[in-house]
Protein chains: 2
Amino acid sequence: MAKSSSKKEKMGNTGNVYFFGGGEADGDAGMKNLLGGKGANLHEMTKIGISVPAGFTISTEVCNYYYKNNQKYPDGLENEVKEKLQKVEKVMNKKFGDKNNPLLVSVRSGARASMPGMMDTVLNIGLNDDSLETLIAETGDVRFVYDCYRRLIQMYGDVVLGVPKTEFDKLDASKFSREALIVEYKKIIKEHTKKDFPQDPFDQLWGAVGAVFESWNSERAKTYRELNKIPSEWGTAVNVQSMVFGNMGDTSGTGVAFTRHPATGENVFFGEWLPNAQGEDVVAGIRTPYPINIAQNSKEKANSLEQKMPESYKELIKIRSNLEKHYKDMQDIEFTIEKGKLWMLQTRNAKRTPVAAVKVAVDMVKEKMISKEEAIMRLSPSDIDLMLHPMLDHTAKLEVLAVGLPASPGAVSGEVVFTPEEAVALKAKGRPSILVRFETSPEDIAGMASAEGVLTQRGGMTSHAAVVARGMGKACIVGCETISINYDKNEFTAGKNTIKAGEIITIDGGSGKVIRGEAPRVRASLKGEFGEFLEYADGIRRLGIRTNADNPESAKVAREFKAEGIGLCRTEHMFFGKDRIKAVREMILADSEVHRRKALDKLLPMQKEDFIGIFKEMAGFPVIIRTLDPPLHEFLPHKALQIKELSEEMGITEDKLRDKISSLSELNPMLGHRGCRLGISYPEITEMQARAVFEAACEVKLKGIEVIPEIMIPVVSEAREFLNQREIVDRVAKEVMAKYGITIKYMVGTMIEIPRAALTAEKIADKADFFSFGTNDLTQTTFGFSRDDVGKILPDYIAKGILKNDPFQQLDVIGVGELVRMGAERGRKANPKLEVGICGEHGGDPHSIEFCHKVGLNYVSCSPYRVPIARLAAAQAVLKEKGGESYGTA
Amino acid sequence: MAKSSSKKEKMGNTGNVYFFGGGEADGDAGMKNLLGGKGANLHEMTKIGISVPAGFTISTEVCNYYYKNNQKYPDGLENEVKEKLQKVEKVMNKKFGDKNNPLLVSVRSGARASMPGMMDTVLNIGLNDDSLETLIAETGDVRFVYDCYRRLIQMYGDVVLGVPKTEFDKLDASKFSREALIVEYKKIIKEHTKKDFPQDPFDQLWGAVGAVFESWNSERAKTYRELNKIPSEWGTAVNVQSMVFGNMGDTSGTGVAFTRHPATGENVFFGEWLPNAQGEDVVAGIRTPYPINIAQNSKEKANSLEQKMPESYKELIKIRSNLEKHYKDMQDIEFTIEKGKLWMLQTRNAKRTPVAAVKVAVDMVKEKMISKEEAIMRLSPSDIDLMLHPMLDHTAKLEVLAVGLPASPGAVSGEVVFTPEEAVALKAKGRPSILVRFETSPEDIAGMASAEGVLTQRGGMTSHAAVVARGMGKACIVGCETISINYDKNEFTAGKNTIKAGEIITIDGGSGKVIRGEAPRVRASLKGEFGEFLEYADGIRRLGIRTNADNPESAKVAREFKAEGIGLCRTEHMFFGKDRIKAVREMILADSEVHRRKALDKLLPMQKEDFIGIFKEMAGFPVIIRTLDPPLHEFLPHKALQIKELSEEMGITEDKLRDKISSLSELNPMLGHRGCRLGISYPEITEMQARAVFEAACEVKLKGIEVIPEIMIPVVSEAREFLNQREIVDRVAKEVMAKYGITIKYMVGTMIEIPRAALTAEKIADKADFFSFGTNDLTQTTFGFSRDDVGKILPDYIAKGILKNDPFQQLDVIGVGELVRMGAERGRKANPKLEVGICGEHGGDPHSIEFCHKVGLNYVSCSPYRVPIARLAAAQAVLKEKGGESYGTA
């Protein structure tokens, strides 16, 4: 598609009104900013020889002038409109306002982007009591002409004069003759406006034009612009176009069509039409339309356009092909056939499902219509996201109970459970469940893994529940504050509804909807064109794409999605298994290094097994393993019963256990004794973990599988912390390699997740092989936001415009991003070979990926189910940098 | 004192051995790095004509050579030593190793700084069986000569040969004749070393020199260096000096003296001496020495040096004056009188109490001996701190129960109480108490204010208890982890001791000591020279000094200490008063804006009264008032009984109250709903506070008192947050000024305490009049340390050398400081008039103040009792920048 350029826009016409018709046009498709999307395409179609009813476009600049100058038009506009109208009259061989040969026109708004909330169309402008008679005489179709007049008065009344539509609808038309109905309609106008319906065609025209401009600042339009970040300076254009009529009898008709199938993307012509009808009749669904061709398998084949008007259909087929070749994209077209003559009323890039978008893009590459680069820009990463998860069937009727934050996509159904234990128990019985919690903690992991999906009342997009669920590829809704959980009563309420444990609900993690009962779902296929499409992306992107995976299963999924290694393997998630948590607790409760080492010795073989599994799945790709990160109290129980059980199991008094738990509790655990701070307090933990990694690596390598371990030290704020831990890792690596008699190439690096680490990156990089930006925590400390608590603040901030986005979802470029930029730059200054990546949740967010590309990171790492999204976003980042047009503004 | 310079040090002597004696010297006082402190002063004294027994110094470079070259001496050292020894022999007219006219020498270590753990002196080297007889013949004093020989063998055995001193001590000397004792001593040497005591004087000399160098790397010396951050490359020098004898009968003697009084600083000559004795006899305390002069009011006036040896005393008086004039500082001297001739053995800058230091410095300015700038560099800020608080009398015997972190200085005694209520109750009865808590919270404020001091088991140097106590000028020890509090039993244990409520303890917030019983205390005077001294500082410093004060009482104290305004007035501290907390709770529990406003209306007049009081105290000086900062749950009770009471008081159900409290609770309150986030959620709170400020300001101004209010918005991380709050403040200011019909000059600024605020300072400064760095919180978020929890981590980090200092006490220059530097720079770029200060605890820390000076802040703000310290530190920062010598390295 031609690119817009203000220079170009000024060429060909120096005024404010742009004519099109009879094969000539003042504008073209590149002039969307000036003529609006609809207008620009009308000019373009005219130019390339397609029959378009003649007309003209009043530019968006007039709209801006109008609002800057106290709702007045620029001087000379009236003359210009008259001039262009004369050209239209010439082409259409009719005269606007003429009693004997009247030209009727439509008036439509047309902004740069499609804008719900703008004025509806007004048709048949120019018709009045006088021309009514002429038209009847001319067409011999009384019904048709009265129908046109009736429509004009109603539309004009509704849209221009603000007479509620219901006023017209409540008349029982069948009780009136045609003539009497017109009289009644005019009465309604008079009653509401204290004026007669205007008989002067120019009054009608200017009334409609003014209404278009007024509608630009209607409340609905303003709200829409705010939500979609559309500047009010864009303004709207006005399209005035000759009427053609699909309701002039059986040789007339009207229809809409897609040049390919909008749901599947198949290269078939797909559409609907109605004989003897005007456009709204198809759209409004008053009459059931017929298929456009025989290929659309339908009972109404016989009524298809292909059968009924084969000539027009053939012409349409030709136009379909021309438009696709011209616009290089699938089109959504509107046409009208007036007494056997085909007129095109609209063409635009067609909306389509993600599946269709992929197929169309890949097919068009194969058809040599577009390049791979162009194909890549045709999909938004969120489309890819939708394709990877089962989706709600939105055609179904749903009882939405509440809407929370859409934390991890997928639509799943199951019985409501309120404890992880119940989720596990139901899973064992083969019954799907939805785990509903206030918020989740590491103790809930087994329950989360067993449930189909997770719903929490509190927490933000990067709360524990959200992060873990995304890592598991589980549907999840968080921060659903409109539900109220009562654990004691085993129920939650949502408004007036009370949902008890055991009742079935469906959650849609893509939209945040909580639905009563089992909602119908659909799932897209991941095969075929989808894989090809993502390979195009791989050929374009510079960023590496790794995954965050903590177990062989996730690693396998990520490899299927073509992840190029693991960017973050959280070792603590491995600690919650039933056989392990006991040893972990023994380690925590140990009162001496000797006892701690004994417990660690039990954990060693288990951790090693995990790593062996992961290394095998990731054969030949790097695996970044993070040493223990969370505060130790997360591994201890906090409920009375569990404490009692544990004290019996461990053979220590409940009091002592409580003392230990209380001594480990912290006022701000996020800023507490965690990450490398643990490894510094208890070097033997780091030692055990390093030993497990290197023993696993040696054993895998001895089986002939290439293995690249990279050890990552978390929560570093000071170079000496890193060095302290690196020395342990290096020492253990040496010992283990000597024991196995082989050499493993490995790296030791750090997570940059504390502002001070980014500020002092030079000192840290001097000792480190790689940096991985942990932007979840970095966002917390940079903003001073606790992600577990921020749910109270963020919605208000976004509503008040204080923040534009949730910084835990989309990397905050000027704050957190500044630290990333600074950290990468300072780090590489000290160590030019430094490998720099990102492993926060932002690693799977397209805008953030674009930023990572711009600041020159080596890779991004994200949850397995976001790997395809990241592949696409990384490719798009390259193309955007080169000036490629984005899906967002297309 | 002359400054050291390596260039200068090389002049005059190109070798490794530096001679002094007979009025000539190779070195001078500026050559401390090369000759050590003691050596350099011996050279200097010689040079200015004071009688010093001749000798030479082997330089510190030899020590370094020795360790770099496998414990070998540089080539030619032996010859050099011989050469210089010959010069000594010439001056002293004796010959080393000569049987007939033997020269005896002492060997002493002498590093750049005084170094405990280094080798003790060896005296009388050169004496052997042969020269013994000659010496007896020459002096006719058998007792003396045998005494010398005995001392040599014992010292040499102990210090050089490593024979335990106790081996000699356990001989009962009275059982042996002089001759027999020597034989016994030699036997001990032989037994332990399997070798005879060396008879060759040169063997003795080199043995002692080697022992000095070896002692540089003794375990004790190494530990001392580590603790005091002395690099091992400094090395030690060796001083070899002719012996003179104070034990040659009644015309001989020895003594030590201070040129002024070391405790009071009075300009009086003060010292002690012993006739017929060697130096160690005075120091070791074996014999009780006599006063040096009559002025020292003592029973032993008659035995004073002034009475006994008036000539020598007169000479000493002259030397005293010369040395002070020469060194421009109070000296600590050692002298020996050998048969009526006075020899000086040492001079150095004298240690003194802080009180003495101030008096000496101010007196010397008045005596025109030093400049005000020099005077200012004579005291360390911590000396000033000590002077401002009652101090433990360290001469008393104390039973120390435990040692915690010294959070706020002062030594105070009182009954142990475990609840704030008890502290308040005891205060009402006039009984002093020490509040002992796990940790404190805002609810404890009244108790803290009523107690003499606060002791907490947990928390770091900037925990709630520490900060509030310093603000109140109350003694406080925090993080005293060796005590274990049991609230239920109303007692705490410390090791084997159990202290019950009601028992008296003393806490010393300057040293962190917890002492059983009421320990005796002393307090320095704040009048006279002290005030003058600080005025010198005011004449030098560039930084403004403000104070952190939340009430008129603190403001008054700070003004007495000459604070130039308030840098931080925390409005929430005002909310805890008994009459106020109810209204605050009403506000929090309000379920609509209308109810909230009703509660706020009750608070308005109270806040206004506070501000009126503060504005009056700070007449003419700026007052920065911070809007509400802490999370609201801090104002609500958390204990069952209190919740019950409050629910009755407020007339709401306990359940509803619990729900509210739980809905306000946060996982990481430090990163939660606080600061401007509250003001954005509840604009009416900011509005009320602004109204209180401006109404107070107008009313005070109408009384003719100048008032400069500055409103500070806390916890800003984004420019739009600030703007949101500023708009409220500006609007209210306008309203209030219109109501009173006067104009108040005011500013609105922000606290930079979140990394993102510093990173985006340009955007914020564009809207703000001032920045105040809240480095407490900024340190928390920059490091990811919670100051309430960091007590578990910091001691270990400092012990392991990962951090050099507690960053909550001393500003972390490369991390937090980088953000301060960046924030100030970026802020001023956008707004060159931006006023930039600091109001964290660091505002009272001298090292941090130096940093603030360097990065060009406008002022620092600290607690009232640290204002004098800050005045001094700010002046010293100026002088250090100009290259002034610091108290730290003097």
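Reference entry: report on the structure contained in this document. Just so it is clear, the structure is predicted and the values come from calculations on it, not from any experiment. (Residues numbered from 1 in each chain as written. Chains lettered and ligands numbered in written order. Predicted model: local features only at pLDDT ≥ 70, side-chain atom pairs only at ≥ 80, totals over all residues. Heavy atoms only, no water.)

1. Focus on the relation of the copies chain A and chain B
With an RMSD of 0.5 Å, the operation that places chain A on chain B is a rotation of 179 degrees combined with a shift of 0.1 Å along the axis. A rotation of that kind, with that shift, is consistent with a two-fold axis. Taking C-alpha positions as reference, the residue of chain A nearest the rotation axis is Asn668 of chain A, located at 2.1 Å. The fraction of interface residues of chain A whose copies in chain B are also interface residues reaches 100%, indicating that both copies meet through the same surface. (Least-squares fit on C-alpha atoms with pLDDT ≥ 70 in both. Contact = heavy atoms within 4.5 Å.)

2. Quick look at the packing of helix 2 (residues 32–47) of chain B against helix 13 (residues 310–327) of chain B
Residue and element names in this part refer to chain B. Viewed as axis vectors pointing N to C, helix 2 and helix 13 meet at an angle of 115 degrees, and their least axial separation amounts to 12 Å. Judged by the inter-axis angle, helix 2 sits roughly perpendicular to helix 13. The element helix 2 and its partner helix 13 pack so that their crossing is right-handed. Here helix 2 contributes Asn41, Glu44 and Met45 to the contact with helix 13, which in turn contributes Leu323, His326 and Tyr327. Along the lines of polarity and charge, the residues of the contact of helix 2 with helix 13 split into three nonpolar, two polar and one charged. (Axes fitted to C-alpha atoms, helices over the stretch in contact; angles between N-to-C directions. Helix = DSSP H or I, 4+ residues; strand = E, 2+ residues; numbered from the N terminus. Parallel < 35°, antiparallel > 145°, perpendicular 65-115°, else oblique. Left-handed = near helix turned anticlockwise from the far one by under 90°. Nonpolar A, V, L, I, M, F, W, Y, C, P; charged D, E, K, R; others polar.)

3. Some remarks on the interface of chain A and chain B
With 54 residues of chain A at the contact, the number on the chain B side is 54 residues. When chain A packs against chain B, close to 4,500 Å² is buried across both sides, 55% of that on carbon and sulfur atoms. Summed over the shared surface of chain A and chain B, the number is four salt bridges. Elements with a minimum of two residues in the side of chain A that touches chain B: helix 25 (654–664), helix 26 (676–681), helix 28 (719–740), helix 29 (755–759), helix 31 (775–783), helix 32 (794–799) and helix 33 (816–830) of chain A. Classifying every residue of the side of chain A that touches chain B by side-chain character gives 19 nonpolar, 17 polar and 18 charged. (Buried area = accessible area lost by both parts, 1.4 Å probe. Salt bridge = Lys/Arg side-chain N within 4 Å of Asp/Glu carboxyl O.)

4. Focus on the state of the cysteines
Residue and element names in this part refer to chain B. Tallying each qualifying case throughout the model produces zero disulfides over all chains. Free cysteine Cys480: the closest other cysteine sulfur is in Cys476, separated by 11 Å. You can call Cys480 buried: its relative accessible area is 0%. Sulfur of Cys698: no disulfide; nearest cysteine sulfur belongs to Cys569 and is 17 Å away. Exposure remark for Cys698: the relative accessible area of 0% places this residue in the buried category. (Disulfide = S-S within 2.5 Å. Buried < 20%, exposed > 50% of the residue type's maximum accessible area, 1.4 Å probe, protein only.)

5. What about the sheet that holds strand 20 (residues 491–494) of chain A?
All names here are of chain A. Strand order in the open sheet made by the three strands is 19-20-21, with antiparallel pairing throughout. Each end of this open sheet is capped by a strand with a single partner; those strands are strand 19 (483–486) and strand 21 (497–500). Across this sheet, the average inter-strand angle for adjacent strands is 20 degrees, counted without regard to direction. Strand direction decides the pairing type here: strand 19 and strand 20, joined by four bridges, are antiparallel. (Pairing = 2+ DSSP bridges.)

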